[in-house]
Amino acid sequence: MSVLPTPTAERPAGDVRPLPPGQGGPGGSGPSLLVSRALGLGDFATAVPALRALERALPAWHRVLAGPSWYRHLVALAGLRWEVLPTEPLCVPDGASAPDLAVNLHGRGPQSTAALASLGPERLWTHGHPSAPEWPGPEWPRGVHDAEIWCRLLRLHGVAADPDDLRWPRPPEWADRSGPGDPVVAGDTAVVHPGAASESRRWPAERFARVAAHLAASGLRVVVTGSEREVALAERVAEAAGIGPRAVLAGRTSLDLLARLVAGARLVVCGDTGVGHLSTAYGTPSVRLFGPVSPRLWGPRVDRDLHVCLWRGGRGDPHAATLDPGLEAIGVEEVVTACDTALAAAAGHAGEGAVAGHAGEGAVAGRAAGERTAGGRTAGEKRISEP
């Protein structure tokens, strides 16, 4: 039978009665687990190791993930089995009943914790917050990679969790859509993603264009991706790079198609954004540009030889409306050299037959994968939408 893992001495608690095997996952009944994680693409990706750990620990439980409705696509892409309950950030999930166990993978609290507590769960796993002593938990860790934050929380409750368990299965090929016009199958592709959620993490468009032009001159088919709000940005990059309007896929890719693009690409070039986390998930070589936040906290933890993270070592506001000085200091030639390095390393990696390996097989020592820094080791924080 499936039993709730024994909590550690730091957080003793009673067990919850288990369900017979085979009745868990989406649509199940009986003991229920509700996890809160109502954030973005990259935030979902860094929570995958913790979600997998909970699946393994509680295979017979009814598992609900409270998050954006489009998380349903990501759950399937990551090979997870969870029901997704559409939820706005820091809100009480509509239609949710009191779970046997609620787990806060959203943030440090107290708002996200209060939202879960309002459901009346039998047990609540969360980080403690000074302003909410009624919901005890471990202190929020600083200077720790996001995937490790959530795995550490689970381990304190007796759940084995590996923060390096970040790789996803290959996305479906969709053979019925493959053909000359398919952006995924039309040759060796480099994905250039110039957008980011805030201006502070958005490297200048004209610099992305020069990198895109270099990749195109090297024989790669370059596509420029982005959201619907970033179509004009992507068009500006493509025009300046001289690669033509057909290279612009911004606003035209579903999550499934974006996943296929990244999984099938030779290289991804982007800032500190969700597309970078997809390249980690699929083992696709990448060059990532970090500004106000260290890649030690949000960069790739696995496949260290496939990813190059450029960072000046400073710390700033990841939500600021102006370009971060450290990100601005990264030059085009530095990025071009990093692209050539990543492509060469990937060629050697593929020759050894290692690209298809699964994460979690090797420990990460110290720095994030491929991190290059001109400064110190100051850690930053980001995307936790609570004080």
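For the structure itself, consult the block above.
Fair warning: this is a prediction, and the values are worked out from it, not measured in the lab. Residue positions within a chain follow its written sequence, with the count starting from 1. The model is predicted, so local features are restricted to residues of pLDDT at least 70 and side-chain atom pairs to those at 80 or more, both for listing and for counting; the totals for chains, interfaces and linings are taken over all residues. The basis for the side-chain values is all heavy atoms of the structure; hydrogens and waters are excluded.

Site definitions follow a grid-based scheme: protein atoms alone, a 1 Å grid, a 1.4 Å probe that fits but cannot get out for cavities, and for pockets an open set with protein on both sides within 12 Å along at least five of seven lines, plus lining residues having an atom within 4 Å of a point. Grid points are joined across faces, edges and corners, and a volume is the space filled by probe spheres set on the points. According to the stated counting rule, one finds 3 cavities of 30 Å³ or more in the structure shown. Roughly 70 Å³ of internal volume is contained in the second largest cavity. As for the second largest cavity, its lining consists of Ala45, Thr46, His145, Leu166, Trp168, His277, Thr280, Gly299 and Pro300.

Quick look at the packing of helix α7 (residues 255-264) against helix α8 (residues 274-282) now. Each packed pair of helices is defined by two parameters, the angle between the axes and the distance between the axes. Where α7 meets α8, the closest approach of the two axes is 9 Å, and the angle between their N-to-C directions is 60°. The angle between α7 and α8 falls in the class oblique. In the packing of α7 onto α8, the handedness of the crossing is right-handed. Each of Leu258, Ala259, Val262 and Ala263 in α7 lies in contact with α8, whose residues at this interface are Val275, Leu278, Ser279 and Tyr282. All axes are obtained by fitting lines to C-alpha atoms, using only the stretch in contact for helices, and the reported angles, taken between N-to-C directions, cover 0 to 180 degrees. Only DSSP runs of H or I reaching four residues or more are called helices, and only runs of E reaching two or more are called strands; each is numbered from the N terminus. The labels follow the angle: roughly parallel below 35 degrees, roughly antiparallel above 145, roughly perpendicular from 65 to 115, and oblique for the rest. Should the near helix be turned counterclockwise from the far one by less than a right angle, the crossing is left-handed, whereas a clockwise turn marks it as right-handed. In this description, contact between two residues means that some pair of their heavy atoms is separated by no more than 4.5 Å.

A pair of strands is treated as paired once DSSP finds two or more bridges between them. Read from one edge of the open sheet, 5 strands run β3-β2-β1-β4-β5, paired in parallel fashion. A single partner strand is all that each edge strand has here, and the edge strands are β3 (83-86) and β5 (123-125). Direction aside, the axes of adjacent strands within the sheet are offset by 20° on average. In this structure, strand β1 (residues 32-36) lies alongside strand β2 (residues 62-67), joined through 5 bridges in parallel fashion. Within β2, the residue paired with serine 32 across the bridge is histidine 62.

In this section: the layout of surface pockets. A volume near 970 Å³ is recorded for the largest pocket. Around the largest pocket, the lining is made up of 32 residues, and of these Leu41, Ser227, Arg229, Glu230 and Thr273 lie nearest the centre. Take the lining of the largest pocket: its biggest share by element is 3 residues, from helix α1 (residues 41-57). The residue classification treats Ala, Val, Leu, Ile, Met, Phe, Trp, Tyr, Cys and Pro as nonpolar and Asp, Glu, Lys and Arg as charged. All others, Gly included, are polar. Looking at the lining of the largest pocket, its residues break down into 10 nonpolar, 13 polar and 9 charged.

Turning to its location among the elements, cysteine 151 is positioned in helix α4 (residues 146-155). Counting along the chain gives 12 residues from cysteine 151 to proline 163, while the straight-line C-alpha distance between them is 5.9 Å. Setting aside residues no more than four positions away along its own chain, cysteine 151 makes contact with Pro49, Ala50, Ala161, Asp162 and Pro163.

Burial classes follow relative accessibility: with a 1.4 Å probe on protein chains only, a residue under 20% of its type's maximum area counts as buried, one over 50% as exposed, and anything between as partly exposed. Buried residues dominate α7, accounting for 8 of its 10 residues. All buried positions along α7 are accounted for by Asp256, Leu257, Leu258, Ala259, Arg260, Leu261, Val262 and Ala263. In this structure, the buried residues of α7 make contact with α2 (71-77), β6 (189-193), β7 (221-224), β8 (267-271) and α8.

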